[in-house]
Amino acid sequence: MALGPWQIVIVVLLIVLFFGRGRISDMMGDLAKGITSFKKGLREDENGGDAAGSSETPRIAPQPAPPASETTVEAKREDSAS
């Protein structure tokens, strides 16, 4: 049993009457945002977690400070050398 063109038109009209035109456009907008987000996530996975053309600036890891014992040993060597 196939749906005829008149049956499809009636179903579409019932959906528009039930949900309203504004709510349907909001749902379609949300669906488009979801698809865009999904595609962006796929691109990030393919690029190793880095999205092509992302607006975020790369974070630079701070250099670890040398242990306190090394700095005091170097200071003592400089004092004893003078």
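This is a predicted model, so every value here is computed, not measured.

The rules we used
Residues numbered from 1 in each chain as written. Predicted model: local features only at pLDDT ≥ 70, side-chain atom pairs only at ≥ 80, totals over all residues. Heavy atoms only, no water. Helix = DSSP H or I, 4+ residues; strand = E, 2+ residues; numbered from the N terminus. Buried < 20%, exposed > 50% of the residue type's maximum accessible area, 1.4 Å probe, protein only. Areas by Shrake-Rupley, 256 points an atom, 1.4 Å probe, with all protein chains shown as cover. Expected span 1.5 Å × (residues − 1). Axes fitted to C-alpha atoms, helices over the stretch in contact; angles between N-to-C directions. Parallel < 35°, antiparallel > 145°, perpendicular 65-115°, else oblique. Contact = heavy atoms within 4.5 Å. Nonpolar A, V, L, I, M, F, W, Y, C, P; charged D, E, K, R; others polar.

K.L.:
Summarise the overall build of the chain; cite the residues concerned and give the values.
P.N.:
If you tally the helices and strands in the chain, you get three helices and zero strands. Walking the chain from its N terminus toward its C terminus, one meets helices and strands in the order α-α-α. Per-residue burial over the chain gives 2% buried out of 82 residues. A total accessible area of about 7900 Å² is found for the chain, and carbon and sulfur atoms account for 62% of it.

K.L.:
Before we move on, could you go through helix H1 (residues 5–19) and cite the residues and values that matter?
P.N.:
In this model H1 runs 21 Å from its N-terminal to its C-terminal C-alpha over 15 residues, within 8% of the 21 Å that 1.5 Å per residue would give. Following H1 by one or two positions, glycine 20 adopts a phi angle in the positive range, close to 90°.

K.L.:
Help me get a handle on the packing of H1 against helix H2 (residues 21–46), residues and values and all.
P.N.:
Between H1 and H2, whose axes approach to 6 Å, the crossing angle comes to 100°. The orientation of H1 with respect to H2, classified from their angle, is roughly perpendicular. Residue-level contacts link Ile15, Val16 and Phe19 of H1 to Arg21, Arg23, Ile24 and Met27 of H2. Its residues placed into classes, the contact of H1 with H2 shows five nonpolar, no polar and two charged.

Honestly, that's just the spatial picture; any functional story needs more than this.
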